[in-house]
Amino acid sequence: MIMRFFQKLLIKQKITIIIMSVSCLVLMMATALFLVHNSWLYKKALIEKNRILAGTICFNITAALSFNDPEAAVKTLGALQADPRIIKAQIFRTDGETFASFDRKSYTPGAEFSKDEHRIDPKYIVSELNNLTKSGRHHFHSNCLEIFMPVILENEVIGILAIQTSLQSLKNQINLMIMTYLIIGAGLTLLALLFSRLLAGRITDPINRLAQSMHVVSKTKDYSVRAEKESEDELGVLIDGFNDMLAQIQKRDETLHFTQFSIEHAGVAAFWMESSGKLFYVNKAAFLSLGYTRDELLSLSIKDFTPDFSETKWKQRWLEIRQKGSITFETIHQHKNGKKMPIEMTANYLAFDGKEYNCAFARDISDKKRLESQLQQAEKMKAIGSLTAGVAHDLNNILSGLVGYPELLLLDLPQDDPKRKALQGIKASGEKAAAVVQDLLTLARRGVATPEVMDLNECIAEYLSSPVHGNLQATNPNIKFICQFDPNLLNIFASNTHLSKAIMNLAFNATEAMPTGGEVTFKTENIYLENDLKVFETIKRGEYVLLSISDTGTGISPDDILKIFEPFYTKKKLGKSGTGLGMTVVWSTVKGANGFINVASTEGVGTCFEMYFPVCRDKVIEKTKPKQIEDYLGNEKIVVVDDVPDQRDIAAKMLEKLGYSVTTLTCGEDAVAFMRNHSADLLILDMIMEPGIDGLETYKRILQINPGQKAIIVSGYSESERALEARRLGAGAYIKKPYNLEQIGVAVRTELDA
């Protein structure tokens, strides 16, 4: 039981207990020896003193015994009264009769003695007579020391002196000695405890630090931790060994960690599988690309998400991998949601510990396929444009006759002439052919119209108020047209004629997709893309005017979406409407304005066409007076911080136009360094700047330099939590990119005047 308890204690506690136990045992033994030895010395001294006293008394009473003079003997014994320890003294004759006596009771009235006071038996005296030597004999009793000394005259014993001495003083000395030793022992015990704890600490502290280092390593897996060495003893050797072991593990772990990190965070999906195709390791890119969790994917075989790999085809592929060692091929991966994506896979044969494995790396080539498709589309459009440019003039000459001559003939014929119907048919066919040529010219973007600075809102409004749209509404009364225009929409640089035609085509297609009725929504807004946007096509980062035309119609199938912009591709019934060039005209118009297109459609839900037009900072040429900006003018010093050169240039030109002194900086770090040695009335901070610190962090650091610094935040995203935090710290307005002169002017003036 005790041993179990002892085993559970800490080493420091065990060492303390051992040292204290040994110290206390040694102290107790030493104390006991000292007590026994000193008691023996005290007793020996008392015996010697009493023997000397008894010898002196015996010498002085020799004459009294010889002359039988008891009175003289009593007087001699009366001198013992001076020693308070003497209780009683008696002189006996050799026959055991008392000759003279001294009793302290008779000298000290009221004196009391212990009940176990020894009484001298005359018979005992007679029996001791032959055993006494000159030095006498002594006996210790519970409360007194008894000395027997012979009275000798001419070598003949003539009597015996018996003296009883109280042991109370001896007991007092012994008690004092015990008390003294106890006090000294307690002090020594306390010193031993302090010493043992100090000594135990010196021994166990390095062990504890070593144990703590081991715990940190075990918990954090940080093998750069080292235990501190304080001595060259066995503990020092142990710590050296522990640190050397950690150094070796750290070196090996860093190598393994770097290898694993590189594979885990590689940009391509990595799959480790057995010869059967069963997966046993996948990296992050692998399970994210397929929409599974790691555990879900590891429960599958490569055949479960690769439709090309039937059991037979996989065996054939595996044989090829084993024979060639490494092969690269294209196949299909199926996402957890069912979506299929083209991939390029490199498979490598590995043999380890008697087993065969396949280490495969898969790269999504959807972008590659999309770019190839876009390149083919662009080349096709370029070829059609070149063809159209070459024949449009001749076609128009021919069509002019098909439309003009029938019209002239109709003017001369009576209303009841049977030839009128045929001529009207020829004229209508010519007009339809002319419309096709017009679409082809729009497609070629040649000789139709000149690009100009324009307001997209006005362009849409003009179409919605045109007779063409009025006729569309009249023939489709069950369709509702909704407009959501951004009142602060920036300008674009495009062909008004082409754009009106594209809007008309999209409106016509939307109504035809809703035979039972629905809604068509026209929406415009300013938008800023911080990064490239990969959708139907890759849209480059920058600021755009976005036009969205959406419907609630039947939608477009995924296969058809890839073809809708191809010339003469149409799903409409023959003879109903359309030339097959309407969507191609839309594509050509957007590309003519250096814009981008995205198409999002769900069958049975509807379709949305998004057209991204680059922002144009120039004004629309008009005769109306320019807007007054006197209220936004100023002369304060403003610092613009933005990582995009065009944005810095646009902001600087706008603010300088308003009269401000402007300094532009490329990143947050430069802004912090600049503000250490300069001042500014206002900062305009871009929220997202890569690489480096963002607008919030920049503002925090500048506030440490100048706690009252004024600032406003700009960003291409909606107002994020970090932007809100910047405003809580003291930043003023939040402006969404792209902005116009009025927006930036109002925000700056408002913050400066606050």
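About the criteria used
Residues numbered from 1 in each chain as written. Predicted model: local features only at pLDDT ≥ 70, side-chain atom pairs only at ≥ 80, totals over all residues. Heavy atoms only, no water. Helix = DSSP H or I, 4+ residues; strand = E, 2+ residues; numbered from the N terminus. Buried < 20%, exposed > 50% of the residue type's maximum accessible area, 1.4 Å probe, protein only. Contact = heavy atoms within 4.5 Å. Areas by Shrake-Rupley, 256 points an atom, 1.4 Å probe, with all protein chains shown as cover. Core = buried A, V, L, I, M, F, W, Y, C linked by side-chain atoms within 4.5 Å. Pairing = 2+ DSSP bridges. Axes fitted to C-alpha atoms, helices over the stretch in contact; angles between N-to-C directions. Phe/Tyr/Trp six-rings, centres within 6.5 Å; stacked < 30°, edge-to-face > 60°. Lys NZ or Arg CZ within 6 Å of the ring centre and 35° of its normal. Parallel < 35°, antiparallel > 145°, perpendicular 65-115°, else oblique. Left-handed = near helix turned anticlockwise from the far one by under 90°. Nonpolar A, V, L, I, M, F, W, Y, C, P; charged D, E, K, R; others polar. Salt bridge = Lys/Arg side-chain N within 4 Å of Asp/Glu carboxyl O. Patch = residues over 30% accessible without salt bridge, like charges linked within 9 Å, V, L, I, M, F, W, Y side chains within 5 Å. pLDDT = per-residue confidence, 0-100. Expected span 1.5 Å × (residues − 1). Right-handed = clockwise from strand over helix to strand, strands pointing away.

Colleague: Mind showing me how you'd approach the overall build of the protein here?
Modeller: Each helix and strand in the protein was counted, giving 23 helices and 24 strands. Looking at the protein residue by residue over its 754 residues, the buried ones come to 41%. The long-range fraction of contacts in the protein, counting pairs at least 24 apart against all pairs at least 6 apart in sequence, stands at 63%. As displayed, the protein has an accessible area near 42400 Å², and 57% of this comes from carbon and sulfur atoms.

Colleague: Would you take a moment to explain the nonpolar core for this structure?
Modeller: The tendency in soluble globular proteins is for nonpolar side chains to be buried side by side. Membership of the largest hydrophobic core comes to 41 residues, with the highest contact counts inside it found for L456, I503, F565, M611 and F613. No other element matches helix α16 (residues 496–512), which puts 7 residues into this core. Leave out the neighbours within four places in its chain, and I503 touches C459, I460, Y463, F522, L547 and I549. With 29 residues, the next largest nonpolar core counts I86, F102, L167 and L170 among its residues.

Colleague: Looking at this model, I keep getting lost on helix α18 (residues 582–592). Mind explaining?
Modeller: Every α-helix carries 3.6 residues per turn, so stepping three or four residues along brings you back to the same face. Most of α18 is tucked away: 9 of the 11 residues are buried. All of the buried residues along α18 are G582, M583, T584, V585, V586, W587, S588, T589 and V590. Phi turns positive, to about 60°, at N594, one or two residues after α18.

Colleague: Looking at this structure, I do not really get the sheet that holds strand β23 (residues 711–715). What am I missing?
Modeller: Strands belonging to one sheet form pairs held by backbone hydrogen bonds; the direction of such a pair is parallel or antiparallel. Pairing is parallel in the open sheet, where 5 strands are placed in the order β21-β20-β22-β23-β24. Edge positions in the open sheet fall to β21 (661–665) and β24 (734–736), since each of these has one partner strand only. Across the sheet, the mean angle separating the axes of adjacent strands is 20° when strand polarity is ignored. The sheet contact formed by strand β22 (residues 682–686) and β23 spans 4 bridges and is parallel. Bridge pairing in β23 places I684 opposite I712. Contacting β20 (637–641), β21 and β22, helix α20 (residues 668–677) crosses the sheet at an angle of about 130° to β21. Where helix α21 (residues 695–705) meets the sheet, its contacts fall on β22 and β23, and the angle it forms with β22 comes to roughly 150°.

Colleague: How do you make sense of the pairing of strand β3 (residues 137–140) when you look at a structure like this?
Modeller: The two faces of a sheet get side chains in turn, since along a regular strand they alternate between them. Strand direction decides the pairing type here: β3 and strand β4 (residues 144–153), joined by 4 bridges, are antiparallel. Residue pairing across strands places R137 opposite F148, the latter belonging to β4. From the end of β3 to the start of β4, which pair antiparallel, there are 3 residues.

Colleague: Would you mind showing me how to read the sheet that holds strand β10 (residues 355–364) here?
Modeller: Across the sheet, which stays open at both edges, the 5 strands sit in the order β7-β6-β10-β9-β8 with antiparallel pairing between neighbours. Among the strands making up the open sheet, the edge pair consists of β7 (279–282) and β8 (326–334). Strand-to-strand, the axes of this sheet are offset by a mean angle of 30°, without reference to chain direction. Where strand β6 (residues 269–274) and β10 come together, 6 bridges link them in antiparallel fashion.

Colleague: Can you walk me through the packing of aromatic side chains in this structure?
Modeller: When we look at a pair of aromatic rings, we describe it by the centre distance and by the angle of the planes. Using the criterion set out here, one finds 10 aromatic pairs in the structure. When the ring of Y544 is compared with that of F596, the centres are 6.1 Å apart and the planes differ by 85°; the resulting orientation is edge-to-face. Here Y544, found in strand β17 (residues 542–551), pairs with F596, found in strand β18 (residues 596–602); they are 52 residues apart in sequence, far enough to count as distant. Across the pair, F596 and Y544 agree in class, each one buried. Following the ring pairs from residue to residue traces out a cluster consisting of F309, W314, W318, F329 and Y349. K43 extends its terminal NZ or CZ atom over the ring of F140, reaching a point 5.3 Å from the ring centre. The ring of F329 carries R317 above its face, with NZ or CZ at 3.9 Å from the centroid.

Colleague: I keep staring at the packing of α16 against α18 and nothing clicks. Help me out?
Modeller: Helix packing geometry: the angle between the two helix axes and the distance between the axes. Look at α16 against α18: their axes get within 9 Å of each other, and the N-to-C directions meet at 140°. In terms of axis orientation, α16 runs oblique to α18. Here α16 and α18 pass one another in a crossing that is left-handed. Contacts from H498, L499, K501, A502, N505, L506 and N509 of α16 reach α18 at G582, M583, V585, V586 and T589. The class makeup of the residues in the contact of α16 with α18 is 6 nonpolar, 5 polar and 1 charged.

Colleague: Quick question: what am I supposed to make of the pattern of salt bridges here?
Modeller: For the structure on display, the rule yields 16 salt bridges. When the shortest N-O distance is used, the salt bridge between R85 and D83 registers 3.4 Å. Owing to a relative accessible area of 15%, D83 belongs among the buried residues under this scheme. With a shortest N-O distance of 2.8 Å, E344 and R363 are connected by a salt bridge. Separated by 19 residues along the polypeptide, E344 in strand β9 (residues 340–352) and R363 in strand β10 bring together distant segments of the chain. Bridged by salt links that share partners, the residues R317, E320 and K324 form one connected network.

Colleague: Could you clarify how one ought to interpret unusual backbone geometry in this entry?
Modeller: Trans is the prevailing form of peptide bonds, just as negative phi is the prevailing case for residues other than glycine. A positive phi is found at N68, a non-glycine position, where the angle reads about 55°. The phi dihedral of N594 falls on the positive side, at around 60°, and the residue is not glycine. If you trace the backbone, N594 turns up in the loop between α18 and β18.

Colleague: Help me understand the environment of P558, please; the structure alone is not making it clear to me.
Modeller: Structurally, P558 is set in helix α17 (residues 558–561). Sequence separation between P558 and E603 is 45 residues, and the spatial gap between their C-alpha atoms is 8.8 Å.

Colleague: Even after reading the chapter, I still don't get a nonpolar patch on the surface, so can you show me in this structure?
Modeller: Together, I184, L188, L190, L191, L193 and L194 make up a nonpolar patch on the protein surface, roughly 540 Å² of accessible area in all. Tracing the backbone through its elements, the reader meets L188 in helix α7 (residues 168–220).

Colleague: Help me understand the environment of A211 in this model?
Modeller: Summarising the element assignment, A211 is placed in helix α7. Sequence-wise, A211 and A227 are 16 residues apart; in three dimensions their C-alpha atoms are separated by 8.9 Å.

Colleague: Even after reading the chapter, I still don't get the confidence of the model for the protein, so can you show me in this structure?
Modeller: Parts of the prediction with low pLDDT should not have their coordinates interpreted in detail. For the protein, mean pLDDT is 79; residues scoring 70 or higher make up 78% of the total. For residues 109–118, every residue scores under 50 in pLDDT, and the model assigns this stretch 16 contacts once sequence neighbours within four places are set aside.

Colleague: Help me understand the side chain of S548, please; the structure alone is not making it clear to me.
Modeller: Positionally, S548 belongs in strand β17. Classification of S548 as buried rests on a relative accessible area of 9%. Discounting chain neighbours no more than four positions away, the residues touching S548 are T521, F522, K523, C608, F609 and E610.

Colleague: Would you explain helix α23 (residues 741–753) in this entry?
Modeller: An ideal rise of 1.5 Å per residue puts 18 Å on 13 residues; α23 measures up with 18 Å between its terminal C-alpha atoms. L741, I744, G745, A747, V748, R749, E751 and L752 are the residues of α23 that are buried. Turning to α23, the residues buried within the fold contact β20, α19 (645–657), β22, β23 and β24.

Colleague: Help me understand the environment of V151, please; the structure alone is not making it clear to me.
Modeller: Position of V151 relative to the elements: it lies in strand β4. Its relative accessible area of 0% is what places V151 among the buried residues. Spatially, the C-alpha atom of V151 lies 9.5 Å from that of A54, the residues being 97 residues apart in sequence. Not counting the four nearest positions on each side in its chain, V151 is found in contact with C58, I61, T62, L65, E156, V157, I158, G159, I160 and L161.

Colleague: What am I meant to see in the pairing of β21 here?
Modeller: Across 5 bridges, β20 lies against β21 in parallel orientation. Its bridge partner being in β21, V641 is matched across the sheet by L665. Regarding the hand of the β-α-β motif, the stretch spanning β20, α19 and β21 is right-handed.

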